[in-house]
Amino acid sequence: MSRPPTFVPPACARARVLETARGPFAVLDAAPPGGRPVSGTALLLPGYTGSKEDFIAMLEPLTDAGYRVVAVDGRGQYETAGPDDPRAYAQRELALDVLAQAEALRGDGTPLHLLGHSLGGQIARAAVLTDHAPFASLTLMSSGPAEVAAPQREKIKLLGDALGALGMDEVWTAMRALDPPEDADDPLRGGDREDLRQRWLRHNPAQLTATGRQLSTEPDRVAELAALRPALPCHVLSGERDDTWPVPLLDAMAARLGAHRTVVAGAEHSPNTDRPRETSEAVAAFWDRAGRPGNAAEARA
């Protein structure tokens, strides 16, 4: 779980509802200050158990770099409602949601960049494999080529079993009991943070069950994604340690994609919260290259 430092948006951002052809989605919409020109728009997708707030520490650095940034709660995540039917969270349905969000954001005529963290990266991949035309680039942040590592699959299974037997509040209490001591002692990461608890309680259990199953069974689709080059520049970004997809696996995926590769020093599975400024700088630099005409080869460099 990404643990954002706060749930209060910075001055550059506003919480609002993005209306799309597939329904409304809660977003944080951040724009460059002072009416500055916008270099592009970015759509950010959070990971499993996460929310749009996972990108909150990146909003100011990215808008300072000249980008409009829209971080979204997917259906069934936090402040975006979703049905109780797990079939509503099939990966194709979530990918079509992303394409609807993209359509709703394309009005300003600037390049549209797509970034997904972890589960969000695999949903982003499914979206561009359905239709890559709306997007100037794809960034996969701590998101691997196929299913998550075996220890993570076991954790997801345990969570799924708990969701089938207990209420969300009971599951939260059980998860916090398993937190390492250093998290319990850290006021930003500790399990007693009420904002994190409230986010968890507002997730739809059907969404967690369905997307957890996806993470545990996702096939390798790297060859399909590589076939989109050079039309869609790709960026593989991660921390220097990751227990969800090992870093060497992410290195190999980037090589197979011919993608630009960034490893953020001092970060683990959530560079967006571990090292937000360094992560933002790397992402904005990639977008700068990818958003220029005739830039596909340069963006991969």
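Residues numbered from 1 in each chain as written. Predicted model: local features only at pLDDT ≥ 70, side-chain atom pairs only at ≥ 80, totals over all residues. Heavy atoms only, no water.

*Asks:* Just checking my understanding: could you explain the overall build of the protein for this structure?
*Replies:* Looking only at helices and strands, one finds 13 helices and eight strands in the protein. The C-alpha radius of gyration computed for the protein amounts to 18 Å, which stays within 12% of the reference 19 Å derived for 301 residues, consistent with globular compactness. A buried classification covers 56% of the 301 residues belonging to the protein. Restricting to contacts in the protein with at least 6 residues of sequence separation, those with at least 24 account for 79%. With an accessible surface of roughly 12100 Å², the protein has 54% of that area assigned to carbon and sulfur atoms. (Helix = DSSP H or I, 4+ residues; strand = E, 2+ residues; numbered from the N terminus. Rg over C-alpha atoms; globule rule 2.2 N^0.38 Å. Buried < 20%, exposed > 50% of the residue type's maximum accessible area, 1.4 Å probe, protein only. Contact = heavy atoms within 4.5 Å. Areas by Shrake-Rupley, 256 points an atom, 1.4 Å probe, with all protein chains shown as cover.)

*Asks:* Would you take a moment to explain helix 2 (residues 91-105) for this structure?
*Replies:* Since one α-helical turn is 3.6 residues long, residues separated by three or four positions face the same way. Between the first and last C-alpha of helix 2 there are 21 Å, a value that for 15 residues agrees with the 21 Å anticipated at 1.5 Å per step. When we look at burial in helix 2, the residues that qualify are Gln 91, Leu 94, Ala 95, Asp 97, Val 98, Leu 99, Ala 100, Gln 101, Ala 102 and Leu 105. (Expected span 1.5 Å × (residues − 1).)

*Asks:* How should the pairing of strand 5 (residues 112-117) be read in this particular structure?
*Replies:* One face of the sheet, then the other: side chains in a regular strand alternate in exactly this way. In terms of burial, strand 5 is largely enclosed, as six of its six residues are buried. Taking every second residue as pointing to the same face, both faces of strand 5 are buried, with Leu 112, Leu 114 and Gly 116 on one and His 113, Leu 115 and His 117 on the other. The pairing of strand 3 (residues 40-45) with strand 5 spans five bridges and is classified as parallel. Paired with Thr 41 across the two strands is Leu 112, which belongs to strand 5. Handedness of the strand 5-helix 3 (residues 119-130)-strand 6 (residues 137-141) crossover: right-handed. (Pairing = 2+ DSSP bridges. Right-handed = clockwise from strand over helix to strand, strands pointing away.)

*Asks:* What is the right way to read the pattern of salt bridges from this model?
*Replies:* According to the stated counting rule, one finds 23 salt bridges in the structure shown. A salt bridge links Asp 169 to Arg 197, with the nearest nitrogen and oxygen atoms 2.9 Å apart. Of this pair, Asp 169 sits in helix 5 (residues 168-177) while Arg 197 is found in helix 7 (residues 194-202), placing the two residues 28 residues apart along the sequence. Here Arg 256 ties to Asp 220 by a salt bridge, and the two come within 2.9 Å at their closest N and O atoms. Within this pair, whereas Arg 256 is found in helix 10 (residues 247-257), its partner Asp 220 is found in the loop between helix 8 (205-217) and helix 9 (222-226), the two being separated by 36 residues in sequence. (Salt bridge = Lys/Arg side-chain N within 4 Å of Asp/Glu carboxyl O.)

*Asks:* Mind showing me how you'd approach the sheet that holds strand 2 (residues 23-30) here?
*Replies:* Sheet strands pair via backbone hydrogen bonds, and the direction of the pair is either parallel or antiparallel. Pairing within the open sheet is mixed, and its eight strands lie in the order 1-2-4-3-5-6-7-8. Each end of this open sheet is capped by a strand with a single partner; those strands are strand 1 (13-20) and strand 8 (260-264). Neighbour to neighbour, the strand axes of the sheet diverge by 25 degrees on average, direction disregarded. Note that strand 6 and strand 7 (residues 234-239) share four bridges and pair parallel. Each residue of the ladder has a partner; that of Leu 140, found in strand 7, is Val 236. The strands that helix 3 touches are strand 3, strand 5 and strand 6; relative to strand 5, the one it contacts most, it runs at about 140 degrees. (Axes fitted to C-alpha atoms, helices over the stretch in contact; angles between N-to-C directions.)

*Asks:* What am I meant to see in the side chain of Arg 75 here?
*Replies:* Examined against the element boundaries, Arg 75 turns out to sit in the loop between strand 4 (67-72) and helix 2. Given the relative accessible area of 14%, Arg 75 is considered buried. Within the structure, the side chain of Arg 75 is placed 2.6 Å from the side chain of Asp 97, a separation counted as a polar contact. The residues touching Arg 75, leaving out its near neighbours within four places in the chain, are Arg 22, Phe 25, Thr 80, Ala 81, Ala 88, Tyr 89, Glu 93, Leu 94, Asp 97 and Gln 207. (Polar contact = N/O pair within 3.5 Å; in protein donor to acceptor, adjacent residues only side chain to side chain.)

*Asks:* How should I be thinking about the environment of Leu 138 in this particular structure?
*Replies:* Turning to its location among the elements, Leu 138 is positioned in strand 6. In this structure Leu 138 comes out as buried when scored by relative accessible area, which is 0%. Distance in space between the C-alpha atoms of Leu 138 and Pro 205 is 28 Å, their sequence separation being 67 residues. With residues near it in sequence (within four places) discarded, Leu 138 still touches Leu 114, Ala 124, Val 128, Leu 225, Leu 232, Pro 233, Cys 234, His 235 and Phe 286.

*Asks:* Quick question: what am I supposed to make of the packing of aromatic side chains here?
*Replies:* Where two aromatic rings form a pair, the distance of their centres and the angle of their planes describe that pair. Within the structure shown, the criterion is met by three aromatic pairs. Taking 6.4 Å as the distance between ring centres and 35 degrees as the angle between the ring planes, the aromatic pair formed by Trp 172 and Trp 200 counts as tilted. Pair noted here: Trp 172 is in helix 5 and Trp 200 is in helix 7, with a separation of 28 residues, a long-range link. Residue class for Trp 200 comes out buried when judged on its relative accessible area of 2%. Against the face of Trp 172 rests Arg 176, its NZ or CZ located 4.2 Å from the ring centre. (Phe/Tyr/Trp six-rings, centres within 6.5 Å; stacked < 30°, edge-to-face > 60°. Lys NZ or Arg CZ within 6 Å of the ring centre and 35° of its normal.)

*Asks:* Would you mind going over the side chain of Gln 122 with me for this structure?
*Replies:* As for its position among the elements, Gln 122 is in helix 3. Accessibility expressed as a relative area gives 2% for Gln 122, which makes it buried. Not counting residues within four places of it along the chain, the set of residues in contact with Gln 122 comprises Gln 91, Ser 143, Gly 144, Pro 145, Ala 146, Leu 215, Glu 218 and Trp 245.

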